[in-house]
Amino acid sequence: MHVSPVPRIAGALLFRPLPHRDERGFFCRTFDADAVYAAGLDPAAFVQHSLSRSTRGVVRGLHVRRGDGEAKLVRCSYGAIFDVIVDLRPPSPTYRNWESFGLRDDEQVTLYVPVGCAHGFQALTNPADVSYQIDRVHDPSEDVSIAFDDPELAIPWPLPVTVRSQRDREAPPLAAAVRLLA
């Protein structure tokens with residue numbers, strides 16, 4: 001597994017497995033505790049694993065947690081997504097930067113999203129399954145959403161947005177969301 005930093009987001013990492021391909025398809029390790037530990041993270045810290053399935057065009061996010069926050073390992077296990085993280089940590093050298101990634105099932109790349117960064121994605125295929133491992137038990141009372149189309153971020157979502165949750169439709173702009181995190 002190859003681990004590389006994300007230059008525009010301090011502390012974010014990409015874990016690229018080495019798929020073994022043959023006439024049957026492929027096999028790859030999607031989580032390696034030794035690689036996670038060597039990258040400076042505690043592999044035992046990830047306490048919940050969840051999976052979402054979305055149809056093409058769906059946007060989920062942008063989401064972040066207040067309080068102690070949460071770190072995530074995110075991977076597209078089936079299909080393809082346009083994945084985005086936004087650094088919302090005021091002391092960070094990359095504060096308010098965002099970066100996007102194409103995550104696909106044929107690569108099984110895992111993105112490490114540090115505590116204090118918002119995360120969201122758009123499904124590019126029908127369906128797209130996204131696997132999440134988080135380092136704290138989820139508490140919905142700590143959830144903060146940010147409008148996916150905030151003009152300050154100007155994220156170029158690749159497809160017309162088809163469906164969003166009520167929570168995401170009512171999400172405030174970035175400036176208001178940042179005040180909720182303070």
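Residues numbered from 1 in each chain as written. Predicted model: local features only at pLDDT ≥ 70, side-chain atom pairs only at ≥ 80, totals over all residues. Heavy atoms only, no water.

1. A few points about the overall build of the protein chain
Line of reasoning, step 1. Counting its regular elements, the protein chain contains three helices and 13 strands.
Line of reasoning, step 2. Seen through its principal axes, the protein chain has C-alpha atoms that stretch 50 × 35 × 30 Å.
Line of reasoning, step 3. Here the protein chain holds 182 residues, and the buried ones make up 48% of them.
Line of reasoning, step 4. When contacts within the protein chain are restricted to residue pairs at least 6 apart in sequence, those whose partners lie at least 24 apart make up 80%.
Line of reasoning, step 5. Surface accessibility of the protein chain: about 9100 Å² in total, with carbon and sulfur atoms responsible for 53%. (Helix = DSSP H or I, 4+ residues; strand = E, 2+ residues; numbered from the N terminus. Buried < 20%, exposed > 50% of the residue type's maximum accessible area, 1.4 Å probe, protein only. Contact = heavy atoms within 4.5 Å. Areas by Shrake-Rupley, 256 points an atom, 1.4 Å probe, with all protein chains shown as cover.)

2. Concerning the nonpolar core
Line of reasoning, step 1. Counting 19 residues, the largest nonpolar core has Val-6, Ile-81, Ile-85, Phe-101, Leu-103 and Leu-111 as its most contacted members.
Line of reasoning, step 2. Elements supplying a minimum of two residues to this core: strand E7 (72-78), strand E8 (80-87), strand E9 (98-104), strand E10 (110-113), strand E11 (117-123) and strand E12 (128-134).
Line of reasoning, step 3. When neighbours within four sequence positions are excluded, Leu-103 is seen to be in contact with Val-74, Cys-76, Gly-79, Ala-80, Ile-81, Asp-83, Val-109 and Leu-111.
Line of reasoning, step 4. Leu-88, Ala-118, Phe-148 and Leu-174 belong to the second largest nonpolar core, which has 18 residues in total. (Core = buried A, V, L, I, M, F, W, Y, C linked by side-chain atoms within 4.5 Å.)

3. What about the packing of aromatic side chains?
Line of reasoning, step 1. The full count for this structure, using the stated rule, is two aromatic pairs.
Line of reasoning, step 2. Judged by centre distance (5.5 Å) and plane angle (70°), the rings of Phe-82 and Trp-157 are edge-to-face. Note that Phe-82 is positioned in strand E8 and Trp-157 in the loop between strand E13 (143-145) and helix H2 (166-169), a separation of 75 residues in sequence. Each member of the pair Phe-82 and Trp-157 is classed as buried.
Line of reasoning, step 3. For the pair Phe-148 and Trp-157, a centre-to-centre distance of 6.0 Å together with 65° between the ring planes defines the contact as edge-to-face. Each of the two residues, Phe-148 as well as Trp-157, counts as buried.
Line of reasoning, step 4. Three or more aromatic residues link up through ring pairs in this structure, and these residues are Phe-82, Phe-148 and Trp-157. (Phe/Tyr/Trp six-rings, centres within 6.5 Å; stacked < 30°, edge-to-face > 60°.)

4. As for the sheet that holds E12
Backbone hydrogen bonds are what pair the strands of a sheet, in a parallel or an antiparallel way.
Line of reasoning, step 1. Strand order in the open sheet formed by six strands is E1-E2-E10-E7-E12-E5, with antiparallel pairing between adjacent strands. Every other strand in the sheet has two partners, leaving strand E1 (2-5) and strand E5 (48-54) as the edge strands with one partner each. Across the sheet, the mean angle from the axis of one strand to that of its neighbour is 20°, orientation sign disregarded.
Line of reasoning, step 2. Pairing of E1 with strand E2 (residues 13-16) involves four bridges; the strand directions are antiparallel. Bridge pairing in E2 places Pro-5 opposite Leu-13. (Pairing = 2+ DSSP bridges. Axes fitted to C-alpha atoms, helices over the stretch in contact; angles between N-to-C directions.)

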